[in-house]
Protein chains: 2
Amino acid sequence: MAATIRDVARLAGVSPSTVSRALSVPGMVNAATRARVAAAVEQLGYEPNRAARGLITGRTGTIGLVVPDLANPFFASVTKGVQARARRHDVAVFVADTDEDPAAEAGLVRALSKQVDGVVLCSPRASDDELAAIAQDTTVVLVNRNAAGLPGITYDNEDGMRQAVAHLVALGHRRIAWVGGPATSWSTLHRGVGLRNAVEALHAELAPVGNFAPTYEGGMAAADQVVATGATAVVAYNDLVAIGLLARLHSRGISVPGELSVVGVDDIAMSRMARPALTTVRLPKQETGRLAVELLLALLDDPEAAQIAGSQEPLHGELIVRESSGPAPQK
Amino acid sequence: MAATIRDVARLAGVSPSTVSRALSVPGMVNAATRARVAAAVEQLGYEPNRAARGLITGRTGTIGLVVPDLANPFFASVTKGVQARARRHDVAVFVADTDEDPAAEAGLVRALSKQVDGVVLCSPRASDDELAAIAQDTTVVLVNRNAAGLPGITYDNEDGMRQAVAHLVALGHRRIAWVGGPATSWSTLHRGVGLRNAVEALHAELAPVGNFAPTYEGGMAAADQVVATGATAVVAYNDLVAIGLLARLHSRGISVPGELSVVGVDDIAMSRMARPALTTVRLPKQETGRLAVELLLALLDDPEAAQIAGSQEPLHGELIVRESSGPAPQK
DNA sequence: TTGAAAGCGCTAACAA
DNA sequence: TTGTTAGCGCTTTCAA
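Residues numbered from 1 in each chain as written. Chains lettered and ligands numbered in written order. Predicted model: local features only at pLDDT ≥ 70, side-chain atom pairs only at ≥ 80, totals over all residues. Heavy atoms only, no water.

Q: Pulling in residues and values, what's your account of the relation of the copies chain B and chain A?
A: By a simple turn and slide, chain B fits onto chain A: the slide is 0.1 Å along the axis, the RMSD is 0.1 Å, and the turn is 180 degrees. Expressed as a symmetry operation, the mapping of one chain copy onto the other fits a two-fold axis. Same-surface contact between copies: 97% of interface residues of chain B are shared with the interface of chain A. (Least-squares fit on C-alpha atoms with pLDDT ≥ 70 in both. Contact = heavy atoms within 4.5 Å.)

Structure follows, in structure tokens:
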């Protein structure tokens, strides 16, 4: 059986309250006593029971992380970041995968909310109302979107798209296709806006081909429509979609970047390994997770900080140029 | 503030213990009372406080999952499986990523073990002794290896390798290279043995090229040595390595499968997307996670079941033939 | 600076 | 079948 605070107290010759104080408010206890307690703790290998502590403090020392799909490399990276940073703060992470089912989300968060101090929520598709309802239950930090005044870590999608378009226009492309992700996705919306602004500013034109699943299959499905637009370059919702495009274009014998340049978003590991290697807007995925944790913990310590949280700067993407983009074909 | 068991008791006009019983041992309480309790629970949206319950039962309703790298698609899938099955049992999952650092593992598990009922441990490289030490602290289920009599979910690596070799030999290959993973990895060991047995049985020969990191980079690094063996086919430790091989072979202008056939292990999503698409031994990754959870929970319910657990059948892989393997070149 | 006492929310004897 | 009582391990008043 693990040692309890009473065992430590007995061994150190003090009361349990003193042990408790020595551990959590060291300043309030005499240095000599503190040393005796420390020795006893060491000797017994004592670790405070978190459940018992939580019962009294109301804090569990645990946060939740809800993602649509752990097998999606983007979310895997975010999870990695969350998990690493949480550990630094000695906070445990409950992970829940919604299997891309936004309906499951609310229930999941509700169940989770009883057991955690707060939740990092990656929920690209939930409506603002749903998110607001969830935020009633527990402290929430959104990732990859911002909604209804909830604190969140976001990307400057507009700037990322501007970089992509600037690159393509410099290569001589004038007509750029855009394969959007799910219609309800916050990123689809903002990337679309960013592209429209960028093409306008650079006197190019945009050819949106609609909304597709944010997957390899989505890219396969979109490819023929992209070709039909007559565009010489295409920006895909994310790398998975871009890699799907690459596959279908290859099987149709359309050369990339010879006839069509392809640009993705995310820079997942797979993108470097694609053939041709994918030009993409790299998003700081792990950093996103780390910041989300910092923000959440700050919020828990001081709910008033929500104001500051609201005004967080979005993270910037960085264009990574690889082989899938090249000069526009001469007509 | 959330409703407590006393609130429910008051509303239902019974004692807290009755509420407790109605919830956890319904059989022991009168149907009518049970209904009143249920109504009160419903009305107040009552959810038992798990920390308080855990304090008394000694069970936290939480399990830990330790993996080397969440960004590795193999472990991401296992995690997905663990997480899905745990939820079904209303058990929460703490996830910890060791960042491929076996040294960090023991400490991590120790820290975790105070907060969970048991741990699913993916630890390809830890020594048997380390694992045994960890198992002192808490109930452990190993994934992807078995060691020191600890219960674990394993693969029949020998059979997987037999399938791969049978396929290659049928295509006319006689000399098959083998790119091993980390030297201390359980899978490296068993896949190596399986390959040796299989080539012997089929009168082919094996050309091992040594141990490499289980990554894309590892594959890139191994490629030239593979070519130097003069083999017409190569089996890689896993798909990541195989994809690295593909990349380097491509840049050296060596045609796959024309001059060299490549086979991986795992069947991660990326493999289908590789070019040429990768022939591989598909491992049931999510199933692995699910079984690990079932086994762990069974063990927790009845530690004696460890006997049964020890005799678990290994999971079988299944050869998926894609474009990266073809007939051996004619000399 | 320290200790005694109370109690967080729940379950598990033990009685009734 | 139900209620009473005690207590899980900890923190936090309150007094000393």
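Having seen the structure, we can now continue with the description.
Q: Account for the protein's contact with DNA strand D, naming residues and giving values.
A: Neighbouring DNA strand D are 24 residues, the closest being A:Ile5, B:Ser17, B:Thr18, B:Thr33 and B:Ile56. Of all DNA strand D atoms lying within 4 Å of any protein atom, the proportion belonging to sugar or phosphate reaches 60%. One nitrogen or oxygen atom from the side chain of B:Thr18 is found 2.5 Å from a phosphate oxygen belonging to DNA strand D. At a separation of 2.7 Å, a base nitrogen of DNA strand D approaches a polar side-chain atom of B:Arg21. Elements with a contribution of two residues or more to the surface near DNA strand D: helix H2 (16-24) and helix H4 (50-57) of chain A together with helix H2 (16-24) and helix H4 (50-57) of chain B. Ranked by residues supplied to the surface near DNA strand D, first place goes to H4(A) with 4 residues. Grouping the amino acids of the surface near DNA strand D by side-chain chemistry returns 11 nonpolar, 9 polar and 4 charged. (Near = heavy atom within 4 Å. Polar contact = N/O pair within 3.5 Å; in protein donor to acceptor, adjacent residues only side chain to side chain. Helix = DSSP H or I, 4+ residues; strand = E, 2+ residues; numbered from the N terminus. Nonpolar A, V, L, I, M, F, W, Y, C, P; charged D, E, K, R; others polar.)

Q: Outline the interface of chain B and chain A, listing residues and values.
A: Contacts between the two partners involve 37 residues from chain B and, on the opposite side, 36 residues from chain A. Among the residues of chain B in contact with chain A, B:Lys80, B:Met273 and B:Arg275 are the three that bury the most area, contributing 21% of the side total. In this structure, the connection of chain B to chain A is made through 8 salt bridges. Linking A:Arg272 and B:Glu217 is a salt bridge whose minimum nitrogen-to-oxygen distance equals 2.8 Å. Taken together, the links from chain B to chain A amount to 16 residue pairs in polar contact (both at pLDDT 80 or more). Within the residue set of the side of chain B that touches chain A, elements represented by two or more residues are H4, helix H5 (73-88), strand E2 (92-97), helix H10 (216-228), helix H11 (239-251) and helix H12 (269-273) of chain B. Per-element tally for the side of chain B that touches chain A: the top contributor is E2(B), with 6 residues. (Buried area = accessible area lost by both parts, 1.4 Å probe. Salt bridge = Lys/Arg side-chain N within 4 Å of Asp/Glu carboxyl O.)

Q: Outline the protein's contact with DNA strand C, listing residues and values.
A: As a structural note, the neighbourhood of DNA strand C is formed by 23 residues, with A:Thr18, A:Thr33, A:Ile56, B:Ile5 and B:Arg53 the closest of them. Here the atoms of DNA strand C within 4 Å of the protein split so that 64% fall in sugar or phosphate, with bases taking the remainder. Contacts to DNA strand C include B:Asn49, whose backbone N or O atom sits 3.0 Å from a phosphate oxygen. Of all the secondary structure elements, the ones that give two or more residues to the surface near DNA strand C are H2 and H4 of chain A together with H2 and H4 of chain B. Looking at the surface near DNA strand C element by element, the count peaks at 5 residues for H4(B). Tallied by class, the residues present in the surface near DNA strand C amount to 10 nonpolar, 10 polar and 3 charged.

Q: Break down the packing of aromatic side chains for me, with residues and values.
A: Following the criterion strictly, the structure yields 5 aromatic pairs over all chains and no others. Ring centres of A:Phe74 and A:Tyr155 lie 6.5 Å apart, and the angle between their planes is 70 degrees; this geometry places the pair in the edge-to-face category. With A:Phe74 in helix H5 (residues 73-88) and A:Tyr155 in the loop between strand E5 (152-153) and helix H8 (157-170), this residue pair connects regions lying 81 residues apart in the sequence. Since its relative accessible area comes to 4%, A:Tyr155 is described here as buried. Centroid distance A:Phe94 to B:Phe94: 4.6 Å. Interplanar angle 20 degrees. Geometry classified as stacked. Of this pair, A:Phe94 sits in strand E2 (residues 92-97) while B:Phe94 sits in strand E2, which puts the two residues in different chains. For the pair shown, A:Phe94 and B:Phe94 are each scored as buried. (Phe/Tyr/Trp six-rings, centres within 6.5 Å; stacked < 30°, edge-to-face > 60°. Buried < 20%, exposed > 50% of the residue type's maximum accessible area, 1.4 Å probe, protein only.)

Q: Account for the environment of B:Arg322, with residues named and values stated.
A: Residues and elements named next belong to chain B. With respect to the secondary-structure elements, Arg322 resides in the segment after strand E11 (318-320). Relative accessible area serves as the criterion here: at 17%, Arg322 is assigned to the buried category. Once you skip the residues sitting within four places of it in the chain, Arg322 turns out to touch Asp267, Ser271, Arg272, Ala277, Leu278, Thr279, Thr280 and Arg282. Of the polar contacts made by the side chain of Arg322, one reaches the backbone oxygen of Leu278; its length is 2.9 Å.

Q: Requested: an account of the layout of surface pockets, with residues and values cited.
A: Computed from the structure, the second largest pocket encloses a volume of approximately 1,100 Å³. Together, 48 residues line the second largest pocket, and A:Ala71, A:Pro73, A:Met270, B:Pro73 and B:Met270 are the ones closest to its centre. Sorting the residues of the lining of the second largest pocket by element identifies H5, helix H10 (216-228), helix H12 (269-273) and helix H13 (285-301) of chain A together with H5, H10, H12 and helix H13 (285-301) of chain B as the ones contributing at least two each. Grouping the amino acids of the lining of the second largest pocket by side-chain chemistry returns 24 nonpolar, 8 polar and 16 charged. (1 Å grid on protein atoms, 1.4 Å probe; cavity = no way out; pocket = protein on both sides within 12 Å on 5 of 7 lines; lining within 4 Å. Points joined across faces, edges and corners; volume = space filled by probe spheres on them.)

Q: Let's hear about the sheet that holds strand E10 (residues 279-282) of chain A: which residues, and what values?
A: Residue and element names in this part refer to chain A. Pairing is mixed across the open sheet formed by 6 strands, whose spatial order is E7-E6-E8-E9-E10-E11. In the strand order of this sheet, the two ends are held by strand E7 (205-211) and strand E11 (318-320), each with one partner. Pairs of neighbouring strands in the sheet enclose a mean axial angle of 20 degrees, with direction left out of account. Direction of pairing for strand E6 (residues 175-180) relative to strand E8 (residues 233-236): parallel, over a ladder of 4 bridges. The residue bridging Ala177 from the neighbouring strand is Val234, located in E8. (Pairing = 2+ DSSP bridges. Axes fitted to C-alpha atoms, helices over the stretch in contact; angles between N-to-C directions.)

Bear in mind that shape data such as this cannot, by itself, settle questions of function.
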